[in-house]
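Each chain, letter by letter, is given below.
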Amino acid sequence: MSSAIIETNGLTRSYGDICALKPLDLLVPEGEWLSVMGHSGSGKSTLMNLVGGLDRPTSGTLRVGGEELLALNEDGLARFRREFVGIIFQQHHLVPYLTAVENVMMAQYFHSVPDEAEARHALERVGLGHRLKNRPGELSGGEQQRVCIARAIINSPKLLLGDEPTGNLDNKSTVMVMELLKELRAEERFTVIMVTHNQEVAAWGDRTIHLDDGVLVREDRLKVEGKAG
Amino acid sequence: MLFRILKNSFLKRPKAVFLVFLSIAMGAAVATAFLGIAGEVSHKMALELRSYGANILLEPSAAQGGGFLREEDLPKIKTVFWKYNITGFTPYLFGIAEFSAGGRKERGVVSGTWFAKQLEVPGEDISTQGIKGIAPWWEVKGRWPEDADEAIVGAALAKRLNVVPGSDVKSAVRGRIQQFRIVGVVTTGGYEEEQLFAPLVTVQSLLQRQGKVSRVLVSALTVPMDDFGKKDPATMTRDEYEKWYCTAYVTSVAKNVEEVMGGSRAKPIWQIASAEGALLKKLNSVMLLLTVLALGASATAVSTSLMASMAERSPEIALMKAVGADRYQIGTIFIGETLFISLAGGVIGFLIGDQLSELISRTVFNSTIASPLWLFPTAIISAFIVAIAGSVAPLRRALLIEPVRVLKG
Ligand SMILES: Nc1ncnc2c1ncn2[C@@H]1O[C@H](COP(=O)(O)OP(=O)(O)O)[C@@H](O)[C@H]1O
Ligand SMILES: [Mg+2]
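The sections below set out a description of the structure shown in this document. Per chain, residues are indexed from 1 in the order of the written sequence. Labels follow written order: the first chain is A, the first ligand is 1, and so on. In view of the model being predicted, local features appear only for residues whose pLDDT reaches at least 70, and side-chain atom pairs are presented and counted only at 80 or more, with totals across whole chains, interfaces and linings using the full set of residues. Think of the side-chain values as coming from all heavy atoms in the structure, minus any hydrogens and water.

**Quick word on the pattern of salt bridges**
Should their charged atoms come close, side chains of opposite charge can pair. Salt bridges are identified by distance alone: a Lys or Arg side-chain nitrogen within 4 Å of an Asp or Glu carboxyl oxygen. Under the counting rule described, the total for this entry stands at 32 salt bridges over all chains. One salt bridge in this structure joins R4(B) and E116(A), with 2.7 Å as the shortest N-O distance. A residue pair is termed interchain when its members come from two chains, as with R4(B) in helix 1 (residues 2-12) and E116(A) in helix 4 (residues 116-125). Of the charged contacts in the structure, one is a salt bridge between R313(B) and E337(B), with a shortest N-O distance of 2.8 Å. Of the two residues, R313(B) sits in helix 9 (residues 310-322) while E337(B) sits in helix 10 (residues 327-365), which places them 24 residues apart along the sequence. Each residue is assigned to one of three classes by its accessible area relative to the maximum for its type, calculated with a 1.4 Å probe on protein chains only: buried under 20%, partly exposed between the two thresholds, exposed over 50%. R313(B) gets classed as buried once you look at its relative accessible area, which sits at 2%. On the basis of relative accessible area, E337(B) is assigned to the buried category, the value being 4%. Connected via shared salt-bridge partners are E102(A), E116(A), K133(A) and R4(B). Each helix is a run of DSSP H or I of at least 4 residues and each strand a run of E of at least 2, with the numbering of both proceeding from the N terminus.

**Things to note about the interface of chain A and chain B**
In many analyses, interface size is given as the accessible surface area lost on bringing the parts together. Residue contacts are counted whenever heavy atoms from the two residues lie within 4.5 Å of one another. Contacts between chain A and chain B engage 30 residues on the former and 29 residues on the latter. By buried area we mean how much accessible surface two parts lose on assembly, using a 1.4 Å probe and totalling the loss over both. Summed over both partners, the interface of chain A with chain B comes to about 2,700 Å²; 60% of that surface belongs to carbon and sulfur atoms. Distance and chemistry together define a polar contact, namely a pair of N or O atoms within 3.5 Å, with one atom able to donate a hydrogen and the other to accept it when in protein, and with adjacent residues in sequence counting only for side-chain atoms on both sides. Inspection of the chain A/chain B interface yields 10 residue pairs in polar contact (both at pLDDT 80 or more). At the level of elements, helix 1 (44-51), helix 2 (74-84) and helix 3 (100-111) of chain A are the ones that each hand at least two residues to the side of chain A that touches chain B. Considering every element that reaches the side of chain A that touches chain B, the biggest residue donor is helix 3 of chain A, with six residues. Each residue gets one of three labels, nonpolar for Ala, Val, Leu, Ile, Met, Phe, Trp, Tyr, Cys and Pro, charged for Asp, Glu, Lys and Arg, and polar for the others, Gly among them. When its residues are assigned to classes, the side of chain A that touches chain B shows 16 nonpolar, five polar and nine charged.

**Quick look at the nonpolar core**
Only buried residues count toward a nonpolar core. Its members are Ala, Val, Leu, Ile, Met, Phe, Trp, Tyr and Cys residues joined through side-chain atoms within 4.5 Å. Within the largest apolar cluster, 55 residues are counted, with the highest numbers of intra-cluster contacts made by L123(A), L181(A), I5(B) and M320(B). Examining the composition of this core, we find that eight residues originate from one element, helix 3 of chain A, more than from any other. Setting aside chain neighbours within four positions, we find I5(B) in contact with Y97(A), L98(A), M106(A), Y109(A), M320(B) and I333(B). In terms of nonpolar packing, the next biggest core, distinct from the first, is built from 51 residues, L69(B), A97(B), F180(B) and A266(B) among them.

**Re the environment of Q90(A)**
Residue and element names in this part refer to chain A. Looking at where Q90 falls in the secondary structure, it is placed in the loop between strand 6 (85-88) and helix 3. The exposure class assigned to Q90 is partly exposed, which follows from its relative accessible area of 23%. Along the chain, Q90 and Q145 lie 55 residues apart, while their C-alpha atoms are 8.4 Å from each other. Side-chain polar atoms of Q90 contact the side chain of N168, separated by 3.4 Å.

**Some details on the sheet that holds strand 4 (residues 59-64) of chain A**
Residue and element names in this part refer to chain A. With respect to topology, four strands assemble into an open sheet ordered 2-1-4-5, the strand pairing being antiparallel. The open sheet has two free edges, formed respectively by strand 2 (18-29) and strand 5 (67-68), since each of these has just one partner strand. Relative to strand 2, strand 1 (residues 4-15) runs antiparallel, the two being bridged by eight bridges. The residue bridging T8 from the neighbouring strand is L26, located in strand 2. DSSP calls a pair of strands paired once it identifies at least 2 bridges connecting them.

**A look at a nonpolar patch on the surface**
All names here are of chain B. Together, V347, I348, L351, I352 and F376 make up an exposed nonpolar region whose accessible area comes to about 390 Å². Top element by residues in the nonpolar patch is helix 10. It accounts for four residues. In this structure, L351 sits in helix 10. For patch detection, residues must exceed 30% relative accessible area and be free of salt bridges, and they are connected within 9 Å for like charges or within 5 Å for nonpolar side chains (Val, Leu, Ile, Met, Phe, Trp, Tyr). Here the Shrake-Rupley method, with its probe set to 1.4 Å, supplies the accessible areas, and only the displayed protein chains count as covering residues.

**A word on unusual backbone geometry**
Residue and element names in this part refer to chain A. The backbone phi angle of S156 is positive, close to 50°, even though this residue is not glycine. In this fold, S156 is placed in the loop between helix 5 (141-153) and strand 7 (159-163). Judged by relative accessible area, S156 falls into the partly exposed class, the value being 48%. We note that D213 has phi near 55°; this positive angle belongs to a residue other than glycine. Tracing the chain through its elements places D213 in the loop between strand 9 (207-212) and strand 10 (215-221). Under the relative-accessibility criterion, D213 is labelled partly exposed at 48%.

**Some details on helix 2 of chain A**
Residue and element names in this part refer to chain A. Of all 11 residues making up helix 2, eight are buried, and the element is well covered by its neighbours. Turning to helix 2, its buried residues number three or more, namely D75, G76, L77, A78, F80, R81, R82 and F84. Capping the start of helix 2 is the job of one residue whose side-chain oxygen sits 3.2 Å from the backbone nitrogen of D75: N73.

**Here's the deal with the packing of helix 9 of chain B against helix 11 (residues 375-400) of chain B**
Two quantities define a packed helix pair, namely the angle between the helix axes and the distance between the axes. Residues and elements named next belong to chain B. Their axes nearest at 9 Å, the elements helix 9 and helix 11 cross at an angle of 50°. It follows that helix 9 is oblique to helix 11 by the angle criterion. Crossing hand, helix 9 versus helix 11: right-handed. Every residue of helix 11 that contacts helix 9 at M310, I317 and K321 is listed here: P394, R397, A398, L399 and L400. Looking at side-chain class alone, the contact of helix 9 with helix 11 contains six nonpolar, no polar and two charged residues. Axis lines are fitted to C-alpha atoms, over the contacting stretch for helices. Their N-to-C directions set the angle, which ranges from 0 to 180 degrees. Roughly parallel refers to an angle under 35 degrees, roughly antiparallel to one over 145, roughly perpendicular to one between 65 and 115, and oblique to any angle outside these ranges. Put simply, a crossing is left-handed when the front helix is turned counterclockwise from the back one by less than a right angle, and right-handed when it is turned clockwise.

Have a look at this one:
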């Protein structure tokens, strides 16, 4: 077994005539923080959705955490998502009628059993101990994104995916979120893949890959250290 | 957690939830009302149908050599096992008589019977027995006989004798003469129109047959014949016979009556019995069909309102899937929601339906009914059925939502 948490071979995803992701070979070592950059429409979200088990490839192989995702049925993918992956989206995507703590508990509920104390603790870790009973509408963008982070890490995922999680945030909130993620990663040792438009945000990672029109065109190794593991 | 999700989801969309609740409550109400009165309707219809004639004929058995039955046995009919199913009976004693009135002479049948006799049987309630009760369709111009020498005459015979209410008719049988005062002319649409009807005792003495009757017509409430009821009792095992005897088939009631009338043979009058059974069966099918249609309609309404709220809910469902909910978990939330609403809808529907059936029963049948105990669970179950049936299509839609589509920026 390689120490790669993600391994793709000729991974493709097309929507009819549109080839959103051209055959891609990608290896992500366990514990790496990978940044994904590229213009709008270059296939970044497509890649994230495939890796996160939200979508299925058109062709190629896709091993994540030792599982061949192509072999999983719909419920198998759901299980993979809840046990293995934490996802943070650009739009916050919280359930509007549930409070912050309930939104976190929902992820616990689908995973195993909801545990309010644990959910509260997760929100305290992201600095929202005082906003537990607020609904998403009553929270700022940065606060909502931190609820999403708490929800993403609540089931101790091996893989944390962020699809432009700071895209809608101002500088201050962005730095706060990135620092939080760095901190959490140091404790939890999950692998991070983060899509961003922002060079500075990308610089938080160990490595950056650049996609253009569905093709991996460039790869920068930004830091040498950073392998958790 | 499921409860919290449901509670908040309800509070978030009170209108949609109320619509679903309303559809379910209406379905349950209609089902409750229909099923609640179905039994009552059958019973009432049976009573009404019963008024179209007797369904058991008692005659002297062949062993008796075509003789007579004893009048003194008649009260025993009110004491048999199936006495509460027997709604009435009438004895007849027939004889051929020479009628003469106003110079005209005609041969015809003189028939002694009970018109509306107060029957006192020790240990039983006083009842009124006779033609008036079991043949309410007889149309009497004039009035019914009250005194021993009063009679009514069939319309055809009245025409031949040229008599009207108020006329006198002389009847001669083997030299004995009885004078009758005609108080009514009867139209029945049957062979009775050729006869003269007079009180049983008077005819018995005219015919010199004191205490005797030629036949008895019995009117009984019976259940429709089924295959088991058609079996020959003689070939039944002991248990089967017991079951047969304790089911109100026209044959078992006939057998029951036959046992108390010495030397009698009881025959079901099949035409009426089977027509009645078939009619009641049809009636029950119609009620059931209406119930099913009503439930179908409310299931459709449930389905429509759930579908309508789908557009609003799909981001949230996609999100749940993205976070890892599988089809069963989504299904649990969905079904949980509708079951929850349907429980409330079932209870309210039952309360409304119960009132409704009482109202129907009061206005249509002029009687109150006690709703049977099984009605409540039936209401709840129909609400569940409506909810589940109404959830199928929306749930399928929900399960088809792809997490990735809705979450795309
Ligand atoms: N569901 C879809 N149906 C059709 N085309 C799609 C769909 N999703 C993405 N695409 C197309 O695939 C390409 C890549 O999209 P995406 O991965 O979302 O880009 P990015 O996230 O890099 O902006 C784009 O051309 C986009 O229009
Ligand atoms: Mg994107």
